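# Examination of the molecular architecture
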Amino acid sequence: MSQRVLFFHYVLTNSGGETIDSSRDGDPMGVLEGAHQIIPGLETTLFQMKAGEKKIVHVPAAQAYGPVNERLKIKVNRAKLPEGELAIGTQFSGGPEAHAPVFVVFKIEGDEVSLDGNHPLAGQDLTFDVEVTLIRAATPEELEHGHGHGPEGHGH
Ligand code: ZN
């Protein structure tokens, strides 16, 4: 079976019912089947749906961004951090690679700064209110790139 590209709108809420993200203000999101562009718990469900179908999808933390990893909460001396303004919520890249975890300041006590490298949605059960808008066969270009392009298959 050839791989498909699926387009969908979503409204993402956390376990507290707070809206975290939504595609409704813009274009639907496109994903290439099997390319793991989105969390596995959502990908599996979406590719079992049909165009035009709507669904509420609950994804437990374990199938979303995983549990909170306490080892990614670290304390460092202020002197070891890049110079500049430091406040709760200030972000630092954990390394030079594009996918290096982002560390966020969550506590400052004197010279001691507490950083959290967990994904902001780690440990959270998520709910996606989704609507599949289009499903079509992947183009050779998309297969080569490993991701979906626009609804008509144009490049970027
Ligand atoms: Zn591409």
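Residues numbered from 1 in each chain as written. Predicted model: local features only at pLDDT ≥ 70, side-chain atom pairs only at ≥ 80, totals over all residues. Heavy atoms only, no water.

Right, let's get into the pairing of strand 7 (residues 102-109). Pairing analysis gives three bridges linking strand 6 (residues 91-93) to strand 7, with the strands arranged antiparallel. Residue pairing in the sheet places Phe 92 in a bridge with Phe 103 of strand 7. With five bridges joining them, strand 7 and strand 8 (residues 112-116) adopt antiparallel strand pairing. Along strand 8, the bridge assignment pairs Ile 108 with Val 113. (Pairing = 2+ DSSP bridges. Helix = DSSP H or I, 4+ residues; strand = E, 2+ residues; numbered from the N terminus.)

Moving on to the pattern of salt bridges. The full count for this structure, using the stated rule, is five salt bridges. Across the salt bridge formed by Glu 131 and Arg 24, the nearest N and O atoms sit 2.9 Å from each other. On the criterion of sequence distance, the pair formed by Glu 131 in strand 9 (residues 126-137) and Arg 24 in the loop between strand 2 (19-22) and strand 3 (29-32) is long-range, its members being 107 residues apart. Arg 24 sits in the partly exposed class, given a relative accessible area of 41%. Residues Lys 75 and Glu 112 are paired through a salt bridge, measuring 3.8 Å at the closest nitrogen-oxygen approach. You can see Lys 75 sitting in strand 5 (residues 73-77) and its partner Glu 112 sitting in strand 8, a full 37 residues away along the chain. On the basis of relative accessibility, which here comes to 35%, the residue Glu 112 falls in the partly exposed class. (Salt bridge = Lys/Arg side-chain N within 4 Å of Asp/Glu carboxyl O. Buried < 20%, exposed > 50% of the residue type's maximum accessible area, 1.4 Å probe, protein only.)

Time to look at the nonpolar core. In summary, soluble globular proteins display a tendency toward joint burial of nonpolar side chains. Ranked by internal contacts, the top residues of the largest apolar core, which has 19 residues, are Phe 8, Leu 42, Leu 46, Phe 128 and Val 130. Not counting residues within four places of it along the chain, the set of residues in contact with Phe 128 comprises Tyr 10, Val 11, Leu 12, Ile 39, Leu 42, Lys 55, Ile 56, Val 57 and Val 59. Ranked by size, the runner-up nonpolar core spans eight residues in total, among them Leu 81, Phe 92, Val 113 and Leu 115. (Core = buried A, V, L, I, M, F, W, Y, C linked by side-chain atoms within 4.5 Å. Contact = heavy atoms within 4.5 Å.)

Segmenting the protein chain into domains produces domain 1 (4-65 + 122-145) and domain 2 (70-116). Each of domain 1 and domain 2 was reduced to a C-alpha centroid, and the two centroids are 31 Å apart. (Domains from an automatic or database assignment.)

Time to look at unusual backbone geometry. The phi dihedral of His 36 is positive, around 55°, even though this residue is not glycine. Of note, His 36 is situated in the loop between strand 3 and helix 1 (40-46). By relative accessible area, which is 62% here, His 36 ends up exposed.

The subject of this paragraph is the packing of aromatic side chains. Tallied over the full model, the rule gives one aromatic pair. The interplanar angle of 45° and the centroid separation of 5.8 Å between the aromatic rings of Phe 8 and Tyr 10 together place this pair among those described as tilted. Take Phe 8: its relative accessible area is 1%, and that puts it in the buried class. The buried category is assigned to Tyr 10, whose relative accessible area is 12%. (Phe/Tyr/Trp six-rings, centres within 6.5 Å; stacked < 30°, edge-to-face > 60°.)

Our next topic: the layout of surface pockets. Size it by volume and the largest pocket reaches roughly 370 Å³. Along its surface, the largest pocket is lined by 16 residues, and Val 102, Gly 117, Asn 118, His 119 and Pro 120 are the ones closest to its centre. Residues of the lining of the largest pocket, tallied by class, amount to nine nonpolar, five polar and two charged. Lining the second largest pocket we find 13 residues, and of these Tyr 10, Leu 12, Ile 38, Tyr 65 and Phe 128 sit closest to its centre. Of the residues assigned to the lining of the second largest pocket, the class counts are ten nonpolar, two polar and one charged. (1 Å grid on protein atoms, 1.4 Å probe; cavity = no way out; pocket = protein on both sides within 12 Å on 5 of 7 lines; lining within 4 Å. Points joined across faces, edges and corners; volume = space filled by probe spheres on them. Nonpolar A, V, L, I, M, F, W, Y, C, P; charged D, E, K, R; others polar.)

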